[in-house]
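In case you want the letters, here they are:
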Amino acid sequence: MNASHHKPKWKRVVVKLSGEALQGGQTHGLDAKTLDRIAEDLDAAAALGVEIAVVVGGGNFFRGIQGADKGIERARADSIGMLATVMNALALEYALEKRGRAARALSAVPMPALCEPYSRQTALHHLGKRRVVILAGGTGNPFFTTDTGAALRGAELSCDAIMKATQVDGVYSADPKKDPNATRYERLTHDEAIAKNLAVMDTAAFALARENRIPIIVFSLAAPRAISSALSGQGRATLVAP
Ligand code: UDP
């Protein structure tokens, strides 16, 4: 394959990583090997010259919905969820720095003793300096998810695409792990994704991406170097685009 096949399709992207993506084979929390594997992948992606903002979830530690089910008021449970994303961001920041890749965790919930508070200007500054920016705290508000955080940051940081890492190689008509008849989409519009109520991202995230005409690439994190491959348009993925 010649070099042009490996040329990244995008200049600046936001990568959405769920908390679960960082737990590896464990039932919760962080798995060191998995963190290293993802850091290596992000490092390779950054080496392609792509400016990368990562939005991390927190589901490997805590989700607001779970807390609400246990009787914690939703807004407070979501605060705990946002804190969970900060833990993941700090771990990922370190995994990247350890390999020599400059990275900065920025939190939408200001925690200056731990990392810089998020602002659009700060994020753009670090992106311009080729640092991988890791965005913690989602949108900084309860009743949202980090998927919506990814769409929001994608829009405000003028990203060319939202790279949504999942456990499967694209968007399916139903959960392929539960329904053997689930079919995979190669391409969808944002409207179709919303109308079909596809569970891969929440409606608020799809709607924000639609309004700002940002394509979403849904791909599996399972293969080695999945992120850098997806950035070069290799490997299987579903493209959600206008
Ligand atoms: N959260 C929030 N506001 C946001 C983003 C996240 O309150 O803008 C909370 C919410 O409780 C959520 C938790 O943080 O359940 C973890 O985020 P998410 O569920 O999106 O993580 P993921 O499923 O991607 O691991």
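Overview of the structure. (Residues numbered from 1 in each chain as written. Predicted model: local features only at pLDDT ≥ 70, side-chain atom pairs only at ≥ 80, totals over all residues. Heavy atoms only, no water.)

1. Describing helix 1 (residues 32–47)
Compared with an ideal rise of 1.5 Å per residue, which puts 16 residues at 22 Å, helix 1 spans 22 Å between its outermost C-alpha atoms and is within 8% of the ideal. For helix 1, every residue scored as buried is listed here: Thr34, Leu35, Ile38, Ala39, Asp41, Leu42, Asp43, Ala44, Ala45 and Ala46. (Helix = DSSP H or I, 4+ residues; strand = E, 2+ residues; numbered from the N terminus. Expected span 1.5 Å × (residues − 1). Buried < 20%, exposed > 50% of the residue type's maximum accessible area, 1.4 Å probe, protein only.)

2. As for the pairing of strand 10 (residues 216–220)
The buried fraction of strand 10 is high, at 5 of 5 residues. Taking every second residue as pointing to the same face, both faces of strand 10 are buried, with Ile216, Val218 and Ser220 on one and Ile217 and Phe219 on the other. Where strand 6 (residues 161–166) lies against strand 10, 5 bridges are found, and the strand directions are parallel. When the sheet's bridge partners are listed, Lys164 is paired in strand 10 with Val218. (Pairing = 2+ DSSP bridges.)

3. Notes on the nonpolar core
Ranked by internal contacts, the top residues of the largest apolar core, which has 40 residues, are Leu17, Ile52, Val54, Leu92, Met163 and Phe219. Ignoring sequence-local partners within four residues, the contact set of Met163 consists of Trp10, Val13, Val14, Val15, Lys16, Ile217, Phe219, Ala230 and Leu231. Counting residues in each nonpolar core, the second largest holds 29 residues, with Leu106, Ala123, Tyr185 and Leu188 among its members. (Core = buried A, V, L, I, M, F, W, Y, C linked by side-chain atoms within 4.5 Å. Contact = heavy atoms within 4.5 Å.)

4. A short note on the pairing of strand 1 (residues 12–17)
Burial runs high along strand 1: 6 of the 6 residues are buried. Examined bridge by bridge, strand 1 and strand 2 (residues 51–56) share 6 bridges and lie parallel to one another. The residue bridging Lys16 from the neighbouring strand is Val55, located in strand 2. Note on the crossover from strand 1 through helix 1 to strand 2: the handedness is right-handed. Here strand 1 pairs with strand 6 via 4 bridges, running parallel. Pairing of Lys16 across the sheet is with Lys164, part of strand 6. (Right-handed = clockwise from strand over helix to strand, strands pointing away.)

5. Concerning the site of the ligand
Around the ligand, 20 residues are found, and the nearest of them are Gly19, Asp78, Thr139, Asn141 and Thr146. In this structure, an oxygen atom belonging to the ligand sits 2.8 Å away from a main-chain N or O atom of Gly64. Asn141 places a polar main-chain atom, nitrogen or oxygen, 2.6 Å from a nitrogen atom of the ligand. When isolated, the ligand has an accessible area of 510 Å², and the protein chains bury 93% of it. (Near = heavy atom within 4 Å. Polar contact = N/O pair within 3.5 Å; in protein donor to acceptor, adjacent residues only side chain to side chain. Areas by Shrake-Rupley, 256 points an atom, 1.4 Å probe, with all protein chains shown as cover.)

6. Some words on the layout of surface pockets
Reported here for the second largest pocket is a volume of approximately 180 Å³. If you go around the second largest pocket, the residues you meet are Lys9, Trp10, Glu186, Ile217, Ala230, Gly233, Gln234, Gly235, Ala237, Thr238 and Leu239. Tallied by class, the residues present in the lining of the second largest pocket amount to 5 nonpolar, 4 polar and 2 charged. (1 Å grid on protein atoms, 1.4 Å probe; cavity = no way out; pocket = protein on both sides within 12 Å on 5 of 7 lines; lining within 4 Å. Points joined across faces, edges and corners; volume = space filled by probe spheres on them. Nonpolar A, V, L, I, M, F, W, Y, C, P; charged D, E, K, R; others polar.)

7. A look at the sheet that holds strand 5 (residues 132–136)
On the basis of which strands lie adjacent, the open sheet formed by 9 strands has the order 4-3-5-2-1-6-10-11-9 and mixed pairing. Each edge of the open sheet carries a strand with a single partner, namely strand 4 (116–117) and strand 9 (187–188). When strand 9 meets strand 11 (residues 237–240), the two strands line up parallel, connected through 2 bridges. Bridge assignment links Leu188 to a residue of strand 11, and that residue is Val240.

8. What about the pattern of salt bridges?
Under the defined criterion, the tally for this structure stands at 18 salt bridges. The residue Arg63 makes a salt bridge to Glu20 at a minimum N-O spacing of 3.6 Å. Residue Arg63 is located in the loop between strand 2 and helix 2 (64–69), and its partner Glu20 is located in the loop between strand 1 and helix 1; the two are separated by 43 residues in the primary sequence. For Arg63, a relative accessible area of 36% puts it in the partly exposed group. Among the residues examined, Glu20 registers a relative accessible area of 30% and is labelled partly exposed. Between Arg130 and Glu51 there is a salt bridge; the shortest N-O distance is 3.6 Å. Of this pair, Arg130 sits in the loop between helix 4 (120–128) and strand 5 while Glu51 sits in strand 2, placing them 79 residues apart in sequence. Note on Arg130: relative accessible area 44%, which makes it partly exposed. What you see here is one network of salt bridges that share partners, running through Asp169, Arg184, Glu186 and Arg236. (Salt bridge = Lys/Arg side-chain N within 4 Å of Asp/Glu carboxyl O.)

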